[in-house]
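What the coordinates show
Take a look at the letters that make up each chain.
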Amino acid sequence: MEEVTNVMEYEAIAKKKLPKMVFDYYASGAEDQWTLAENRNAFSRILFRPRILIDVSKIDMSTTVLGFKISMPIMIAPTAMQKMAHPEGEYATARAASAAGTIMTLSSWATSSVEEVASTGPGIRFFQLYVYKDRNVVAQLVRRAERAGFKAIALTVDTPRLGRREADIKNRFVLPPFLSLKNFEGLDLGKMDQASDSGLASYVAGQIDRTLSWKDVQWLQTITSLPILVKGVLTAEDARLAVQAGAAGIIVSNHGARQLDYVPSTIMALEEVVKAAQGRIPVFLDGGVRRGTDVFKALALGASGIFIGRPVVFSLAAEGEAGIKKVLQMLRDEFELTMALSGCRSLNEITRNHIVTEWDAPRAALPAPRL
């Protein structure tokens, strides 16, 4: 097999290896999949304004997220049911993240429990939360995540109902019978029934709370001391409400283009959200990041870091833990090179002036710089 030289190449390898139902579940987006393509395409409309003749012999990519020091602003987004991709599933992801010195977010719908993931060893881990109709289930889950040493809750707020993913409907998607949603096993919510459309859509309709609102973000803070990241914000209005509700951070996300189609790409929504947050809480991004250049563009537009989702499951399917490690290393190396070639030695040197976008006003001649 050819050597993998970029993150995108893992998708084709995963497609060859995985059953169609599983690959389609990971790969597809909602309805026309316009936003799915746009999450990628939008990055290509942002160009660099590199600064030259700067000593870039030493580059520092390290940063802190909610007070936790990590090696780079590249983290792992929550993706469900990773044991469908590889028998080691979330265990492999946890080990790869820890080895790379970065943060893993575990999905509520993981095929390994919070306790099992914690048992892989040290590491900074966040827990993605879906709010179930039964709030006792939620409270129990949050407590277990806290006890297992998870450091933050990423509350998914864009899924009162599951988006229409037509591949899952055609394939009658269901969690394979030898797997379960491990966090819910003891609560009789760990299995997914075969349905006449998508088994996951039916599960969500039955279990996930459609009444979820800002008051629940406040309720969550009464049951946990963990910081809460609101995941799924795309507008300035909701960014301001997130700040008011006491969120510790915002993740600009369109759920990998799997929920509402024809929302903007996350990189296009980012600046609006950053401006609205006014520096009061950090803003992160997920969706469409496949290159180190994408990471740089997100940081130039004000993100404090990014999360990757599909590249993790595709590389996991292809090569297990080693695949995820390679994805993190390739993104790290590309990002470091982009920084060097742009004249940035640390993350705080990456500015809005290092990029140009379609919506920027034409540049007036700036005053002549002094050497």
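Let us look at the structure shown here. The shown structure was predicted, so the numbers you read here are calculated from the model rather than taken from an experiment. Every chain is numbered on its own, with residues counted from 1 as its sequence reads. In view of the model being predicted, local features appear only for residues whose pLDDT reaches at least 70, and side-chain atom pairs are presented and counted only at 80 or more, with totals across whole chains, interfaces and linings using the full set of residues. As a rule here, side-chain values cover all heavy atoms of the structure and leave hydrogens and water aside.

**Focus on the pairing of strand β9 (residues 249-252)**
Across the two faces of β9 the burial is the same, with Gly-249 and Ile-251 and Ile-250 and Val-252 all buried. Judged from the four bridges that link them, strand β8 (residues 228-233) and β9 form a sheet pairing that is parallel. What sits directly across from Val-230, in β9, is Ile-250. Clockwise travel from the first strand over the helix to the second, with the strands pointing away from the viewer, marks a crossover as right-handed. Runs of H or I in DSSP of at least four residues are treated as helices and runs of E of at least two as strands, each being numbered from the N terminus. Read from β8 through helix α10 (residues 236-244) to β9, the crossover connection turns out right-handed. Here β9 pairs with strand β10 (residues 283-286) via three bridges, running parallel. The residue of β10 that forms the bridge with Ile-251 is Phe-284. With helix α11 (residues 266-277) bridging β9 and its parallel neighbour β10, the resulting β-α-β unit is right-handed. Partly exposed describes any residue whose relative accessible area lies between the buried limit of under 20% and the exposed limit of over 50%, with all areas from a 1.4 Å probe on protein chains only and scaled to the type maximum. The criterion for strand pairing is that DSSP finds at least two bridges linking the strands in question.

**Comments concerning unusual backbone geometry**
Located in the positive-phi region is Leu-66, a residue other than glycine, with phi close to 50 degrees. Structurally, Leu-66 can be placed in the loop between β2 (63-65) and β3 (68-70). Even without being a glycine, Tyr-262 presents a positive backbone phi close to 70 degrees. Take Tyr-262: it is sitting in the loop between β9 and α11.

**Here's the deal with the side chain of Lys-297**
As for its placement among the helices and strands, Lys-297 is situated in helix α12 (residues 292-300). Under the convention used here, Asp and Glu are negative, Lys and Arg are positive, and both His and the chain ends fall outside the count. Any carboxyl oxygen of Asp or Glu that lies within 4 Å of a side-chain nitrogen of Lys or Arg is treated as forming a salt bridge with it. At 4.8 Å, Asp-294 is the nearest oppositely charged side chain to Lys-297, a buried residue that forms no salt bridge. When sequence neighbours within four positions are dropped, the list of residues in contact with Lys-297 reads Phe-43, Ser-44, Ile-46, Phe-48, Ile-267 and Ile-355. Two residues qualify as a contact provided that any one of their heavy atoms is within 4.5 Å of a heavy atom in the partner residue.

**With respect to the pattern of salt bridges**
Applying the stated criterion across every chain, the model contains 19 salt bridges. Taking the shortest distance from any N to any O, the salt bridge between Arg-95 and Glu-88 comes out at 2.7 Å. The partly exposed category is assigned to Arg-95, whose relative accessible area is 28%. A residue is classified by how much of its surface remains accessible, and Glu-88, at 34% relative accessible area, is partly exposed. Each of Glu-88, Arg-95, Glu-321 and Lys-325 takes part in one network of salt bridges that share partners.

**A closer look at the packing of helix α6 (residues 135-147) against helix α9 (residues 214-223)**
Fitted lines through C-alpha atoms give the axes, limited to the stretch in contact for helices. The angle between two N-to-C directions lies from 0 to 180 degrees. Between α6 and α9, the shortest axis-to-axis distance is 11 Å and the interhelical angle comes to 50 degrees. Relative to α9, α6 is oriented oblique. Crossing of α6 over α9 shows right-handed handedness. Residues Arg-135, Val-138, Ala-139, Val-142 and Glu-146 of α6 touch α9, and the partners they reach there are Asp-216, Trp-219, Leu-220 and Ile-223. Class assignment for the residues of the contact of α6 with α9 results in six nonpolar, no polar and three charged. Oblique is the label for any angle not under 35 degrees, not over 145, and not in the 65 to 115 range, which are roughly parallel, roughly antiparallel and roughly perpendicular in turn. Here a crossing is called left-handed whenever its near helix is offset anticlockwise from the far helix by less than a right angle, and right-handed whenever the offset is clockwise. In this classification, the charged set is Asp, Glu, Lys and Arg, the nonpolar set is Ala, Val, Leu, Ile, Met, Phe, Trp, Tyr, Cys and Pro, and all remaining amino acids, among them Gly, are polar.

**A look at the packing of aromatic side chains**
Stacked, tilted and edge-to-face pairs are distinguished by plane angle, under 30 degrees for stacked and over 60 for edge-to-face with tilted covering the rest, among Phe, Tyr and Trp rings (Trp via its six-membered ring) whose centres lie within 6.5 Å. Scanning all chains against the criterion turns up nine aromatic pairs. Note on Tyr-25 and Phe-173: the rings are 4.4 Å apart at their centroids and 10 degrees apart in plane angle, and the pair reads as stacked. Taken together, the residues Tyr-25 in helix α2 (residues 20-27) and Phe-173 in the loop between α7 (166-170) and α8 (199-207) connect sequence positions 148 residues apart. What makes Tyr-25 buried here is its relative accessible area of 5%. Owing to a relative accessible area of 0%, Phe-173 belongs among the buried residues under this scheme.

**A look at the nonpolar core**
In these notes, a set of buried Ala, Val, Leu, Ile, Met, Phe, Trp, Tyr and Cys residues joined through side-chain atoms within 4.5 Å is what counts as a nonpolar core. Of all hydrophobic cores here, the largest spans 111 residues; its most connected members are Trp-109, Leu-129, Tyr-132, Leu-270 and Phe-335. Ranked by the residues each element gives to this core, the list is headed by helix α13 (residues 310-342), at 13 residues. Those residues within four positions of Leu-129 in sequence are excluded, and the remaining contacts are Ser-108, Val-138, Leu-141, Val-142, Ile-153, Ala-154, Leu-155, Thr-156 and Leu-220. In this structure, Val-65, Ala-77, Phe-126 and Ile-251 belong to the second largest nonpolar core, which totals twelve residues.

**Brief notes about the pairing of β10**
Burial along β10 is two-sided: the face carrying Val-283 and Leu-285 and the face carrying Phe-284 and Asp-286 are both buried. Looking at chain direction, β10 and strand β11 (residues 305-308) are connected through three bridges and run parallel. The partner of Leu-285 across the bridge, within β11, is Ile-306. Remark: the β10/α12/β11 crossover connection has right-handed handedness.

As far as function goes, none of this settles anything; it's purely spatial.
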